[in-house]
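Survey of secondary and tertiary structure
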Amino acid sequence: MTASSTKDILAQMARYHAWATEGLLASIALIPDEPYRKPCGLFFGSIHGTLNHLLLTDSQIWLPRFKSEPAASLPLDAEVEHDRAALAARLVAATARWPEHVAGLDEAALAEDLRYTMTTGQPRVLPRPAALLHVFNHATHHRGQITAGMTMLGLEFQPLDLPYLVFSELA
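Let me begin by describing the structure that accompanies this report. (Residues numbered from 1 in each chain as written. Predicted model: local features only at pLDDT ≥ 70, side-chain atom pairs only at ≥ 80, totals over all residues. Heavy atoms only, no water.)

1. Some thoughts on the pattern of salt bridges
The tally for this structure, following the rule as stated, stands at five salt bridges. In this structure, the salt-bridge partner of Arg37 is Asp33, at a minimum N-O distance of 3.0 Å. In this pair, Arg37 and Asp33 both sit in helix H2 (residues 33-37), four residues apart, roughly one turn of the helix. Between Arg128 and Glu112 there is a salt bridge; the shortest N-O distance is 3.2 Å. Taken as a pair, Arg128 in helix H6 (residues 128-152) and Glu112 in the loop between helix H5 (107-111) and strand S1 (113-117) lie far apart in primary sequence, 16 residues in all. According to the relative accessible area criterion, Glu112 is partly exposed, its value standing at 41%. Each of Asp33, Arg37 and Arg84 takes part in a single network of salt bridges with overlapping partners. (Salt bridge = Lys/Arg side-chain N within 4 Å of Asp/Glu carboxyl O. Helix = DSSP H or I, 4+ residues; strand = E, 2+ residues; numbered from the N terminus. Buried < 20%, exposed > 50% of the residue type's maximum accessible area, 1.4 Å probe, protein only.)

The following block contains the structure:
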């Protein structure tokens, strides 16, 4: 895979990350507060807890790592935003930064490793494209958990599969 095709894939995944998050949040906006905050067997307890985890990891841990800035040292289950409207707005803003970040990467940056410290204090090194794919895959994993929780609660949500983004971009 060439650097340009790698960048194209990363750009598509960054767009997907933002699009799928916005789509999920549109479905979640229709949920009353009680089931939204109710523990439903998700790793981070509730829909609200899982969205907080996504905000923390996306905007306060991973993006700073890519920008060589200090990352948050909060527990992964920290509630960084209690207000659900503010949480949704912050998540939309956070995911919107990824397409911009990927667009700014050149071939040299794509060839570099990302050196960072895990929240456990362990130093790590990953190829930059693999680290970016992790960010997007991590969010997909947790969006899937949220939609599973919504299903268990008898709630509906819109399809979030990647082809739906592609179909919308081709329309």
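2. Some remarks on the nonpolar core
Counting 42 residues, the largest nonpolar core has Ile28, Leu51, Trp62, Trp98 and Ile146 as the members making the most contacts within it. Broken down by secondary-structure element, the contributors of at least two residues to this core are helix H1 (3-28), helix H3 (47-66), helix H4 (84-103), H5, S1 and H6. Considering every element that reaches this core, the biggest residue donor is H3, with nine residues. Those residues in contact with Leu51 that sit more than four places away from it in its chain are Leu25, Ile28, Tyr36, Leu87, Leu91 and Ile146. (Core = buried A, V, L, I, M, F, W, Y, C linked by side-chain atoms within 4.5 Å. Contact = heavy atoms within 4.5 Å.)

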